[in-house]
Amino acid sequence: RRFETHYSTLSIKAGPFYIPVLELVLCLVAGVRAWGTWLWLRKTYVGKALRASAEEADIAAAYGVDHKKLAYLLSGIGAGYAGVAGTFIALIATLAPAQIWAWLGVVFAVVIIGRLGNPLGALFAGMLIGASESLAMAVLSPAWAPVVSFSVLIAILLWDPDWL
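Residues numbered from 1 in each chain as written. Predicted model: local features only at pLDDT ≥ 70, side-chain atom pairs only at ≥ 80, totals over all residues. Heavy atoms only, no water.

A. Structural view of the overall build of the chain. Each helix and strand counted, the chain has 7 helices and 2 strands in total. For the chain, the N- to C-terminal ordering of α and β elements is β-β-α-α-α-α-α-α-α. Dimensions along the principal axes, computed over C-alpha positions, put the chain at roughly 55 × 40 × 35 Å. By residue count, 23% of the 164 residues in the chain fall in the buried class. Taking the contacts inside the chain whose residues are at least 6 apart along the sequence as the reference set, 51% of them involve residues at least 24 apart. Put simply, the chain shows about 11,400 Å² of open surface, and 72% of that area lies on carbon and sulfur atoms. (Helix = DSSP H or I, 4+ residues; strand = E, 2+ residues; numbered from the N terminus. Buried < 20%, exposed > 50% of the residue type's maximum accessible area, 1.4 Å probe, protein only. Contact = heavy atoms within 4.5 Å. Areas by Shrake-Rupley, 256 points an atom, 1.4 Å probe, with all protein chains shown as cover.)

What follows is the structure, encoded as C-alpha cells:
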C-alpha cells in the first residue's frame, strides 16, 4: 500500500527539470538531521560521552559517564529518527511486509560506505547509492537496481581496501 496525499504529486519546475516537492523536503530533512546529529555528537557533552561509551564503556564510566542512561537516550533518539524515516518512506514508496529484504542490502551498503557512526557519511553514501540506482534504472532496467548498491560497495572496497 502507499500513503496517498494531495501533495504527493506536486513538483517544482526548474528549467527542463521537475523536482518532486516531497522528495525535496525529504532530502532537506535528511540533510538537516544528519548535520545536526554530527554537530551534536561532536560539540556537546552528551555526544562526546556517547562516543566515549561506544569506544570504551569502562573507561568512560571511570570518568563519570553513565552509559546505561545514554543507551536509553540513544534508543529514544533512534526510534524518533526511525519514525521520521518511516513516515517519509510511506509517503514516497509502496509498502509491503516482504519489502524489508529489498531495503536490507541498500542499508547495509550505505552503512559500510558511509562508515558506522558517521551521520554525514551515511547521508552522502545514501545519495551516492540513490543516484547510481536511479541511473541504472534509467539506462539499463529497473531490475538492475538491487545489484547497484553492492556493485558500488565492491568498487569502493577494491579502490581503497583500507576503507573498512
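That was the structure; now back to the text.
B. Structural context of the packing of helix α5 (residues 100-114) against helix α7 (residues 145-159). In contact at an axis separation of 9 Å, α5 and α7 are set at 25° when each is read in the N-to-C sense. Comparing the axis directions of α5 and α7 gives the class roughly parallel. Here α5 and α7 pass one another in a crossing that is left-handed. Facing Gly105, Val106, Phe108, Ala109, Ile112 and Ile113 of α5, the residues of α7 in contact are Ser149, Phe150, Val152, Leu153 and Ile156. Each residue belonging to the contact of α5 with α7 can be placed in one class, and the counts come to 9 nonpolar, 2 polar and no charged. (Axes fitted to C-alpha atoms, helices over the stretch in contact; angles between N-to-C directions. Parallel < 35°, antiparallel > 145°, perpendicular 65-115°, else oblique. Left-handed = near helix turned anticlockwise from the far one by under 90°. Nonpolar A, V, L, I, M, F, W, Y, C, P; charged D, E, K, R; others polar.)

C. Representation of helix α6 (residues 119-139). With 21 residues, α6 should cover 30 Å at 1.5 Å per step; its first-to-last C-alpha distance of 30 Å lies within 8% of that length. What α6 keeps buried is the set Pro119, Leu120, Gly121, Leu123, Ala125, Ile129, Ser132, Glu133 and Ala136. As for α6, its buried residues are in contact with α1 (21-43), α5 and α7. (Expected span 1.5 Å × (residues − 1).)

D. Quick look at the packing of aromatic side chains. In this structure the tally under the stated criterion is 1 aromatic pair. Judged by centre distance (6.3 Å) and plane angle (40°), the ring pair of phenylalanine 108 and phenylalanine 150 falls under tilted. A residue pair is termed long-range when its members are at least 10 positions apart, and phenylalanine 108 in helix α5 and phenylalanine 150 in helix α7 qualify at 42 residues. (Phe/Tyr/Trp six-rings, centres within 6.5 Å; stacked < 30°, edge-to-face > 60°.)

E. Molecular detail of the side chain of serine 53. With respect to the helices, strands and loops of the structure, serine 53 is situated in helix α2 (residues 45-55). Assessed through its relative accessible area of 13%, serine 53 is described here as buried. Apart from residues lying up to four places away in sequence, serine 53 is in contact with Ala60, Val65, His67 and Leu70.

F. How the structure looks around the pairing of strand β1 (residues 11-14). Bridge analysis of β1 against strand β2 (residues 17-20) gives 4 bridges, and the strand direction is antiparallel. Opposite alanine 14, over in β2, you have phenylalanine 17 as the bridge partner. Here β1 hands over to β2 after 2 residues, with glycine 15 in that stretch at a positive phi of 65°. (Pairing = 2+ DSSP bridges.)

G. Representation of a positive patch on the surface in the model. On the surface, Arg42, Lys43, Lys48 and Arg51 cluster together to form a positively charged patch. Elements with a contribution of two residues or more to the positive patch: α1 and α2. Within the element layout of this structure, arginine 51 appears in helix α2. (Patch = residues over 30% accessible without salt bridge, like charges linked within 9 Å, V, L, I, M, F, W, Y side chains within 5 Å. Salt bridge = Lys/Arg side-chain N within 4 Å of Asp/Glu carboxyl O. Lys, Arg positive; Asp, Glu negative; His and termini not counted. Charge placed at Lys NZ, Arg CZ, Asp CG, Glu CD.)

H. Layout of the environment of threonine 9. Note on placement: threonine 9 falls in the segment before β1. Separated by 111 residues in the primary sequence, threonine 9 and leucine 120 place their C-alpha atoms 28 Å from one another.

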